[in-house]
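Commentary on secondary and tertiary structure
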Amino acid sequence: MRTLFLQAPSFDGFDGGAGSRYQARREIKSFWYPTWLAQLAALVPDSKLIDAPPHGLSQAYVIDEAKAYDLVVMHTSTPSFREDVKMAEALKAAYPEIKIGLVGAKVAVDPVGSLDAAPSVDFVAGAEYDFTIKEVAEGRDWKAIDGLVHRGKNGRAQLNKPRAILDNMDQLPFVTPIYRRDLDISKYFIGYLKHPYLSFYTGRGCKSRCTFCLWPQTVGGHKYRTRSVENVVEEIRWAVKAFPEVKEIFFDDDTFTDDGPRAEAIARELGKIGVTWSCNAKANVSRQTLKVMRDNGLRLLLVGYESGNQKILHNIKKGVLVDVARRFTRDCHELGIQIHGTFILGLPGETKETIEETIRFACEINPHTLQVSLAAPYPGTELYRQAVTNGWLDVANAELVDERGVQVAPLHYPNLSHTEVFDSVESFYKRFYFRGSKVMSIVGEMVRSPEMMRRRLREGVEFFSFLHERQAAKVS
């Protein structure tokens with residue numbers, strides 16, 4: 001079947017791509033690559049990938065492009081589902097014979113409910129959907145495709161048996177040739193990564209059991225299944241030649257450092273190539289591994305600290321001690337490895353006092369940059385089940401973003417309201433970035449690099465504009 005893979009138009013600046021680490025609008029406009037969709041496009045010959053949000057493409061544009069295809073597969077998420085269904089309805093209205101499918105954690109967790117809520121959608125695919133979609137595109141009998149949930153003749157959902165998890169990750173083709181063919185890489189930018197950058201996965205799954213984390217609990221699993229070192233290095237070599245303008249490569253694995261010896265082995269090979277790279281890491285990597293990675297091109301680690309309160313870290317099953325995180329961060333500073341630290345406010349056990357403790361902790365360890373998020377109880381996660389059971393979440397009004405695509409604070413506790421959690425994000429940012437030492441550090445960085453000056457000034461304008469929108473959202 002002539003197949004179109006689609007990340008549909010959504011809220012202006014909404015970063016909800018299939019490979020996205022964040023499904024909302026951010027303080028500073030940023031876009032991750034739609035890696036999961038690109039993986040599908042790499043499996044299906046003569047297909048096309050459209051990533052509408054970063055390229056500024058409209059619904060009308062997508063409808064016009066879709067006339068050349070028999071099948072449209074869209075990635076969806078809980079925050080974007082409503083808008084994605086509207087896109088599916090518009091496609092079906094324009095081309096009644098076209099087949100439309102949805103993939104992503106949202107439909108993997110609730111396939112029947114998703115089909116019931118989207119009459120224009122013909123099927124959804126389960127947890128790891130690569131070869132499920134490949135078989136649909138090949139025109140196989142839907143009843144015989146593992147991992148597929150589709151409409152029967154009576155319109156009701158028909159559930160096929162689940163698809164076996166993929167262990168040999170080297171079976172998957174490279175995604176970077178799809179980036180080259182279908183995407184404008186200049187459209188993808190992240191505030192803490194060099195521009196332009198590339199990101200893709202070297203493995204799936206995460207050994208950690210964080211109660212809030214969406215991907216391992218829904219589509220990736222808790223076993224870290226990895227591509228061989230040789231396979232990863234081969235793609236890096238291809239990408240370096242195909243994208244000479246790229247300044248940094250980011251490994252989007254949930255926790256690239258879960259397998260320390262493998263991380264070191266990949267690093268040593270990257271050192272021979274001479275690339276600059278970054279990755280996701282847990283705040284417990286040994287100094288030895290950090291040094292090997294640093295010596296072979298590692299520039300930055302994206303680290304989920306989440307909280308500075310040990311009880312909260314236990315509540316969310318983070319598996320890291322605050323003192324270990326301090327030691328890890330000190331090692332990174334001493335080795336010259338930059339850190340983008342991520343924190344979450346409103347997790348179980350949160351109080352005004354623990355928020356204050358986390359802000360003080362962030363200022364103490366002083367990552368190069370940070371991101372502050374609101375606890376998001378995605379369906380399919382343990383956090384969601386806890387929130388429903390304990391009455392922390394109003395299920396009837398469990399939206400994760402508002403009508404602007406800006407994240408809301410859906411959780412509340414007996415001694416901490418929605419509003420208090422929401423307001424604490426702005427306080428966190430101001431206290432971290434407006435410290436005298438931090439301001440001087442940023443100014444020094446800008447003085448040393450005209451490119452960095454332009455970038456930080458643009459980000460500053462976006463940041464204050466976003467804070468203004470948050471205030472408007474709070475008022476409304």
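Relevant structure appears above.
Residues numbered from 1 in each chain as written. Predicted model: local features only at pLDDT ≥ 70, side-chain atom pairs only at ≥ 80, totals over all residues. Heavy atoms only, no water.

Let's shift gears to the overall build of the protein chain. Helix and strand counts for the protein chain stand at 19 helices and 15 strands. Computed over its C-alpha atoms, the radius of gyration of the protein chain comes to 22 Å, within 12% of the 23 Å expected for a compact globule of 476 residues. Along the three orthogonal principal directions, the C-alpha set of the protein chain runs to about 65 × 55 × 40 Å. Sorting the 476 residues of the protein chain into buried and exposed places 57% on the buried side. Put simply, of all contacts in the protein chain between residues at least 6 apart along the chain, 71% involve residues at least 24 apart. Per element, the accessible surface of the protein chain, about 19,200 Å² overall, is 53% carbon and sulfur. (Helix = DSSP H or I, 4+ residues; strand = E, 2+ residues; numbered from the N terminus. Rg over C-alpha atoms; globule rule 2.2 N^0.38 Å. Buried < 20%, exposed > 50% of the residue type's maximum accessible area, 1.4 Å probe, protein only. Contact = heavy atoms within 4.5 Å. Areas by Shrake-Rupley, 256 points an atom, 1.4 Å probe, with all protein chains shown as cover.)

We now examine the pattern of salt bridges. Within the structure shown, the criterion is met by 35 salt bridges. Put simply, Lys223 and Asp167 hold a salt bridge, and the shortest N to O gap is 3.3 Å. Of this pair, Lys223 sits in the loop between helix H9 (214–220) and strand E10 (225–226) while Asp167 sits in the loop between strand E7 (157–159) and helix H8 (176–182), placing them 56 residues apart in sequence. Residue class for Asp167 comes out partly exposed when judged on its relative accessible area of 45%. Here Arg299 and Glu248 are joined by a salt bridge, their closest N and O atoms 3.0 Å apart. Within this pair, whereas Arg299 is found in strand E13 (residues 298–306), its partner Glu248 is found in strand E11 (residues 248–251), the two being separated by 51 residues in sequence. Considered together, Arg299 and Glu248 belong to a single accessibility category, that of buried residues. (Salt bridge = Lys/Arg side-chain N within 4 Å of Asp/Glu carboxyl O.)

Turning to the sheet that holds strand E15 (residues 369–374), a few remarks are in order. With parallel pairing, six strands are arranged side by side in an open sheet as E8-E11-E12-E13-E14-E15. Edge positions in the sheet fall to strand E8 (197–200) and E15, since each has one partner strand and no second. The average undirected angle you get between the axes of adjacent strands in this sheet is 20°. In this sheet, E15 lies alongside strand E14 (residues 338–345) in parallel orientation, the contact comprising six bridges. In the strand pairing of E15, Thr342 is matched with Gln371. (Pairing = 2+ DSSP bridges. Axes fitted to C-alpha atoms, helices over the stretch in contact; angles between N-to-C directions.)

Our next topic: unusual backbone geometry. Put simply, His195 and Pro196 share a cis peptide bond, and its omega is 0°. Looking at where Pro196 falls in the secondary structure, it is placed in the loop between H8 and E8. Backbone geometry places Lys317, a non-glycine residue, at a positive phi of 60°. Structurally, Lys317 can be placed in the loop between helix H13 (310–315) and helix H14 (322–335).

What follows concerns the pairing of strand E3 (residues 71–75). The element E3 is extensively covered by neighbouring structure, given that five of its five residues are classed as buried. Burial along E3 is two-sided: the residues Leu71, Val73 and His75 and Val72 and Met74 are all buried. By the bridge criterion, four bridges tie strand E1 (residues 3–7) to E3 in an arrangement that is parallel. Bridge pairing links Leu6 to Met74 in E3. Here E3 pairs with strand E4 (residues 99–103) via five bridges, running parallel. What sits directly across from Leu71, in E4, is Lys99.

Here we take up the nonpolar core. Counting 116 residues, the largest nonpolar core has Phe251, Trp277, Leu301, Tyr305 and Phe328 as the members making the most contacts within it. A total of seven residues in this core trace back to one element, the largest contributor, which is helix H17 (residues 418–433). Setting aside residues no more than four positions away along its own chain, Leu301 makes contact with Cys279, Ala281, Leu290, Phe328, Cys332, Ile337, Gln338, Ile339 and His340. Core analysis: the next-biggest nonpolar cluster, separate from the first, contains 25 residues, Leu6, Ala8, Met74 and Val124 among them. (Core = buried A, V, L, I, M, F, W, Y, C linked by side-chain atoms within 4.5 Å.)

On to the side chain of Thr354, then. Secondary-structure assignment places Thr354 in helix H15 (residues 352–365). Residue Thr354 is classed as buried on the basis of its relative accessible area of 8%. Here Thr351 takes part through its backbone nitrogen, which lies 2.7 Å from a polar atom of the side chain of Thr354. Excluding residues that lie within four positions of it along the chain, Thr354 makes contacts with Asn309, Ile312 and Gly349. (Polar contact = N/O pair within 3.5 Å; in protein donor to acceptor, adjacent residues only side chain to side chain.)

Turning our attention to the side chain of Arg299. Relative accessible area serves as the criterion here: at 16%, Arg299 is assigned to the buried category. Polar contacts involving the side chain of Arg299 include one to the main-chain carbonyl oxygen of Tyr192, which spans 2.7 Å. Excluding residues that lie within four positions of it along the chain, Arg299 makes contacts with Tyr192, Leu193, Lys194, Glu248, Thr276, Trp277, Ser278, Ile337 and Gln338.

Glancing now at the packing of H15 against H17. Across the interface, H15 lies against H17 with an axial gap of 10 Å and an inter-helix angle of 20°. When the interaxial angle is binned, H15 and H17 end up roughly parallel. Viewed along their axes, H15 and H17 form a crossing whose handedness is right-handed. Contacts between H15 and H17 involve Lys352, Ile355, Glu356, Thr358, Ile359, Arg360, Ala362 and Cys363 from the former and Glu420, Ser424, Phe428, Arg431 and Phe432 from the latter. The residue makeup of the contact of H15 with H17, split by class, is six nonpolar, two polar and five charged. (Parallel < 35°, antiparallel > 145°, perpendicular 65-115°, else oblique. Left-handed = near helix turned anticlockwise from the far one by under 90°. Nonpolar A, V, L, I, M, F, W, Y, C, P; charged D, E, K, R; others polar.)

What follows is about the sheet that holds E4. With mixed pairing, seven strands are arranged side by side in an open sheet as E2-E1-E3-E4-E5-E6-E7. Both edges of this open sheet fall to strand E2 (48–51) and E7, since each of them pairs with a single strand only. Strand-to-strand twist across the sheet, computed as the mean angle between neighbouring axes with direction ignored, equals 20°. Along the sheet, helix H7 (residues 130–137) contacts E1, E3, E4, strand E5 (123–125) and strand E6 (148–151); its crossing angle with E5, the most-contacted strand, is approximately 145°.

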